[in-house]
Amino acid sequence: MFSYFFLDIAWWYYQYQRDKIEDELEMTMVCHRPEGLEQLEAQTNFTKRELQVLYRGFKNECPSGVVNEETFKQIYAQFFPHGDASTYAHYLFHAFDTTQTGSVKFEDFVTALSILLRGTVHEKLRWTFNLYDINKDGYINKEEMMDIVKAIYDMMGKYTYPVLKEDTPRQHVDVFFQKMDKNKDGIVTLDEFLESCQEVRRDLRPRL
């Protein structure tokens, strides 16, 4: 699934911030953490120490404690220097901003990161569906999927291999709907999405 691009980025960010800050945490008695760290520990799949590391990294990037869309785009663009990640980052930001306030707090960030890195398959798929459902009406239509696919190719830039043909995004969308749109009504529901992804996952399992 296309969300694997972000899974790679999420994992890299976690590892980078952990390695960068771990020594500093060991040397200081001051614990920089958001209010309700224990509650976050209970709500996510991170330990208290991991949350401390992630929070310090978040504060380094966003001293105000929240990130707006423009700052999010600037941070995300660093991972894709040869492409234009702004559109995909826009969709990603709104998937993080679950309350639609126009800003992402540490709690929003770490909750999503917990799902993407350590959530169940079902949780990851639901999160991915929400990302693809751009207008949040509970369905994925072809226009939304086309916007997502184009944004991913823009993000990968000119070094995409093999070189893309003009109709490649449309081909990917058509394949997506052939597999996902079970009743052929032109939209993909959450149930159809979950069922189709689980079928693909079963097909990929090695047979003994």
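Residues numbered from 1 in each chain as written. Predicted model: local features only at pLDDT ≥ 70, side-chain atom pairs only at ≥ 80, totals over all residues. Heavy atoms only, no water.

- Naming follows an unreviewed UniProt entry, where the protein appears as Kv channel-interacting protein 1 of Myotis brandtii.
- If you open the UniProt record of the protein and go to Sequence similarities (unreviewed entry), you find "Belongs to the recoverin family." (UniProt positions renumbered as here; feature names shortened; annotations may be inferred.)

**Section: the overall build of the protein**
- Counting secondary structure elements, the protein contains ten helices and four strands.
- Secondary structure elements of the protein occur, N-terminal to C-terminal, as α-α-α-β-α-α-β-α-α-β-α-α-β-α.
- The buried share of the protein, taken over its 208 residues, is 42%.
- Once local pairs closer than 6 in sequence are excluded, the contacts in the protein between residues at least 24 apart make up 63%.
- Accessible surface computed for the protein: about 12100 Å², of which carbon and sulfur atoms make up 52%. (Helix = DSSP H or I, 4+ residues; strand = E, 2+ residues; numbered from the N terminus. Buried < 20%, exposed > 50% of the residue type's maximum accessible area, 1.4 Å probe, protein only. Contact = heavy atoms within 4.5 Å. Areas by Shrake-Rupley, 256 points an atom, 1.4 Å probe, with all protein chains shown as cover.)

**What to know about the pattern of salt bridges**
- Within this structure, the stated rule accounts for six salt bridges.
- We note a salt bridge from Lys48 to Glu38, for which the minimum N-O separation is 3.8 Å. Highlighted residues: Lys48 in helix 3 (residues 48–61) and Glu38 in helix 2 (residues 37–43), separated in sequence by ten residues.
- Exposure remark for Glu38: the relative accessible area of 42% places this residue in the partly exposed category.
- For Glu69, the salt bridge is made with Lys73, and the minimal N-O distance between the two is 3.4 Å. Here Lys73 and Glu69 lie together in helix 4 (residues 69–77), a separation of four residues that amounts to about one turn.
- Given a relative accessible area of 17%, Glu69 falls into the buried group.
- In the salt-bridge network here, residues are joined through shared partners; they are Glu69, Glu70 and Lys73. (Salt bridge = Lys/Arg side-chain N within 4 Å of Asp/Glu carboxyl O.)

**What to know about helix 8 (residues 142–156)**
- For helix 8, which comprises 15 residues, the first-to-last C-alpha distance of 21 Å matches the rise-based estimate of 21 Å (1.5 Å per residue) to within 8%.
- Buried residues of helix 8: Glu144, Met145, Met146, Ile148, Val149, Ala151, Ile152, Tyr153 and Met155, and no others.
- Between a side-chain oxygen at the N-terminus of helix 8 and the backbone nitrogen of Glu143 the separation is 3.1 Å; the capping residue is Asn141.
- Among the residues trailing helix 8, Gly157 stands out with phi positive, at a value near 75°. (Expected span 1.5 Å × (residues − 1). Polar contact = N/O pair within 3.5 Å; in protein donor to acceptor, adjacent residues only side chain to side chain.)

**So, the nonpolar core**
- Counting 52 residues, the largest nonpolar core has Phe106, Met145 and Phe193 as its most contacted members.
- The greatest single-element share of this core, amounting to eight residues, is contributed by helix 8. (Core = buried A, V, L, I, M, F, W, Y, C linked by side-chain atoms within 4.5 Å.)

**Thoughts on the environment of Phe58**
- Residue placement: Phe58 occurs in helix 3.
- We classify Phe58 as buried; its relative accessible area is 4%.
- Each C-alpha atom of the pair Phe58 and Lys105 lies 9.3 Å from the other, and the pair is 47 residues apart in sequence.

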